[in-house]
Amino acid sequence: MRVLMRSWGSCFGRGRGVRQDLANRRQLRMVSPSIVGVCRRTLSAPRVGLRLATTATAGADHRLVTLLVVAVVRARSVRRRVRSGMTATRILHVTQVYAGGISRAITSLVDLMPEAEHHLLWAGYEEPDPAVPYASVHAMPQTPRAMVTAIRRVRQVVEEVKPDVVHAHSSFGGVYTRLAGIDVPVFYEPHCYKFDDRQQNTVKRAIFRLAEKALARRSARTVVLSPHEEKLAKALDPRAITHFLPNVATITPTAAHRATGFETARDVFMIGRLTGQKDPGYFAQVAEEVHTLDPDVTFRWIGDGDPGMRRRLEDAGVQVLGWLTGDRLAAELSRPALYFHSAHYEGFPLSLLDAAAFEHPLAVRSIPTFDGMGLPEAETPAESARLIMEILDEDGAARARAIASSKNLNHTMNPSVQRDALVALYGSV
């Protein structure tokens, strides 16, 4: 919270004294109810609120009052601009994790809306592909420890590019852009909320949630990938304006690499970074459970990352192929297999859609993201192993559901649907 308050002081361009005053406050509850009242009044009547700020509770720090009032005035002005009917033609995408699903998601947006001018401000583990038609590409610090520098970099690039909207991708991209105090609408797409990670300890999850809640009103739009993500966004801010933007497959079959037609070999695969979120340890446990039932079933993981997680998979008999792109990825996807998604929290995974595009039966670990989607799911590794064996061994209800869910994703999350949602999103500016 102390860091957050110091950043507020910086992002609104106040002097060093105000930033120091903010840094010295250890608890937000030190802001008196009357100051909070000023901010609430400002949301509905800015001029009245600003007058009230000068006569706030006796002894209050008027610089702090003014800073908070400026924050809510800016939030109000951003929302007003979103409702004004302008059309976004110049978009700045900002992310601190340009890799894996997020880089592919941004590329998809650029490809599906070529009439807009797309710019990129990035940090991450992948270099932006020169083939992606960004109007300009700008780098920023990789580590979250360089937060102040990253926030300053956002301001610099916004001043240079002069975008109609800033589309912030993932947690730190959202933090940097919403703390930057820019006079441009920020569309925040979390790509899954970090506080939804139930493997984090309670204190960390509370801190992540508090930070998201504090910044929620700085979002002109919150772009969500699933009903579960929308519910989380509304819990942070009941007044949040959410926009559903379905993900789409990032690779499709070709004459050289055809769809499988739902043919299924005794092979199971997963695509994702080797990170805690994707939970390769769970996938390894599932492989071990399946091998007790049938040692001939093979397992593949397409992706790379943490060396320890890679060793855990290999120890469980899983073939780790590393990151594959283009024809090499298409070749793997064209092999008959069952796709099983092991992540323990998600926005909505692109890899699931890539597998559906190549007509693979699908099964998933049971997590809130997939609620109501009809996907075959299981909770524990042992239950997942039994589900996998039912789909591989039987031509019954489990297999039919695995195929039907794949077809449904192809029908409801495709380029045409995403294009319509994207035009509506950027057309709201």
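Since the structure is predicted, the reported quantities are computational estimates derived from the model, not experimental observations.

1. Some words on the overall build of the protein chain
Helices and strands together make up the secondary structure of the protein chain, namely 17 helices and 13 strands. Considering the protein chain as a whole, with its 429 residues, one finds that 55% of them fall into the buried category. Looking at the protein chain alone, contacts between residues at least 24 apart form 68% of all its contacts between residues at least 6 apart.

2. Points about the sheet that holds strand 13 (residues 377-378)
Taking strand neighbours across the sheet as the criterion, the 6 strands line up as 10-9-8-11-12-13 in an open arrangement whose pairing is parallel. Every interior strand has two partners, whereas the edge strands, strand 10 (318-322) and strand 13, have only one. In this structure, strand 9 (residues 298-302) lies alongside strand 10, joined through 4 bridges in parallel fashion. The residue of strand 10 that forms the bridge with Trp301 is Val320. Along the sheet, helix 15 (residues 381-393) contacts strand 8 (267-271), strand 11 (338-341), strand 12 (362-365) and strand 13; its crossing angle with strand 11, the most-contacted strand, is approximately 160 degrees.

3. Concerning the environment of Arg266
Structurally, Arg266 can be placed in the loop between strand 7 (242-244) and strand 8. Judged by relative accessible area, which is 31%, Arg266 ranks as partly exposed. Distance from Arg266 to Asp296, taken between C-alpha atoms, is 7.5 Å for residues 30 residues apart in sequence. Excluding residues that lie within four positions of it along the chain, Arg266 makes contacts with Asp294, Asp296, Val297, Thr298, Met389, Leu392 and Asp393. In this structure the side chain of Arg266 is engaged in a polar contact, spanning 2.5 Å, whose partner is the side chain of Asp294.

4. Describing the pairing of strand 8
For strand 8, the buried fraction is high: 5 of the 5 residues fall into the buried class. Along strand 8, one buried face is formed by Asp267, Phe269 and Ile271 and the opposite face, lined by Val268 and Met270, is buried too. With 5 bridges joining them, strand 8 and strand 9 adopt parallel strand pairing. Directly across from Met270, in strand 9, lies its bridge partner Trp301. Considered for its hand, the β-α-β crossover made up of strand 8, helix 11 (residues 280-293) and strand 9 is right-handed.

5. A look at the nonpolar core
Judged by nonpolar contacts, the single largest core of 53 residues is most densely connected at Val268, Phe283, Phe299 and Leu352. Other than its neighbours up to four places away in sequence, Phe299 contacts Asp267, Val268, Phe283, Val286, Ala287, Val290, His291, Gly317, Val318 and Gln319.

6. Regarding the side chain of Asp294
Assignment of secondary structure puts Asp294 in the loop between helix 11 and strand 9. Using a relative accessible area of 13% as the deciding quantity, one classes Asp294 as buried. Filtering out sequence-adjacent residues up to four positions away, Asp294 remains in contact with Arg266 and Met389.

7. Points about unusual backbone geometry
Positive phi is not limited to glycine here, since Lys162 has a value of about 55 degrees. Although it is not a glycine, Asp279 sits at a positive phi angle of roughly 55 degrees. Among the secondary structure elements, Asp279 is positioned in the loop between strand 8 and helix 11.

Conventions adopted
Residues numbered from 1 in each chain as written. Predicted model: local features only at pLDDT ≥ 70, side-chain atom pairs only at ≥ 80, totals over all residues. Heavy atoms only, no water. Helix = DSSP H or I, 4+ residues; strand = E, 2+ residues; numbered from the N terminus. Buried < 20%, exposed > 50% of the residue type's maximum accessible area, 1.4 Å probe, protein only. Contact = heavy atoms within 4.5 Å. Pairing = 2+ DSSP bridges. Axes fitted to C-alpha atoms, helices over the stretch in contact; angles between N-to-C directions. Polar contact = N/O pair within 3.5 Å; in protein donor to acceptor, adjacent residues only side chain to side chain. Right-handed = clockwise from strand over helix to strand, strands pointing away. Core = buried A, V, L, I, M, F, W, Y, C linked by side-chain atoms within 4.5 Å.

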